[in-house]
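Here are the chains, one letter per residue:
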Amino acid sequence: MLTVALVTAHPDDEVFASNMLLGLSQHSDVRLAICCATDGGGGSLRGDPPLVTSENLGDYRVKELNASVDQYEPWQVQVLGLEDGGYSGRPAEVTNTGH
C-alpha cells in the first residue's frame, strides 16, 4: 500500500488543496496521512451568533477535520498543536519548532 502524506497549516485546508488525493485514496491502494500544524483556533468566528467561542474554536475545527475524513479509509490524522497565527514575517529559526 502506498502512503501519501498531506501537510497543512489548519483543519479544513485538506479540502481546498487535496481533492485529487481524496479521490485517489478512494479508488486505489493508497493510504492518506494528514498532518495539520495547528488546530485552527486562531481563526475568525462566523455566524450571528457564532457556533463556537474563541476558547473552543480549535477543538471544533479538529472535530470538523475528523468528520471530513471519516468517509475515506484508511486514514491517519495528526494535529501538531502549534500556535495558530503570528508566524508571518518571523525568521525561520523562530518558526522551526523541531517537531
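Quick note: structure is the one above.
Caption draft 1: Fine view of the pattern of salt bridges. According to the stated counting rule, one finds one salt bridge in the structure shown. A salt bridge links D12 to R61, with the nearest nitrogen and oxygen atoms 3.0 Å apart. One end of the pair, D12, is in the loop between β1 (2–8) and α1 (13–17); the other, R61, is in helix α3 (residues 57–69), with 49 residues separating them in the sequence.

Caption draft 2: Structural view of the sheet that holds β1. Here three strands make up an open sheet; going across it, the order is β1-β2-β3 and the pairing parallel. Among the strands making up the open sheet, the edge pair consists of β1 and β3 (75–82). Adjacent strand axes in the sheet meet at a mean angle of 15°, parallel and antiparallel pairs treated alike. Sheet analysis places strand β2 (residues 30–38) next to β3, joined by six bridges and oriented parallel. Within the sheet, the bridge partner assigned to C36 lies in β3 and is V79. Lying over the sheet, α3 contacts β2 and β3, oriented at roughly 165° with respect to β3.

Caption draft 3: Main features of the environment of H10. Tracing the sequence through the fold places H10 in the loop between β1 and α1. Between the C-alpha atoms of H10 and G81, which are 71 residues apart in sequence, the distance is 10.0 Å. When neighbours within four sequence positions are excluded, H10 is seen to be in contact with C36, T38, G40, R61 and D84.

Caption draft 4: Main features of the environment of A9. Topologically, A9 is positioned in the loop between β1 and α1. Measuring from C-alpha to C-alpha, the distance between A9 and T38 comes to 5.9 Å, with 29 residues separating the pair along the chain. Beyond its immediate stretch of four places on either side in the chain, A9 contacts A37 and T38.

Criteria and thresholds
Residues numbered from 1 in each chain as written. Predicted model: local features only at pLDDT ≥ 70, side-chain atom pairs only at ≥ 80, totals over all residues. Heavy atoms only, no water. Salt bridge = Lys/Arg side-chain N within 4 Å of Asp/Glu carboxyl O. Helix = DSSP H or I, 4+ residues; strand = E, 2+ residues; numbered from the N terminus. Pairing = 2+ DSSP bridges. Axes fitted to C-alpha atoms, helices over the stretch in contact; angles between N-to-C directions. Contact = heavy atoms within 4.5 Å.

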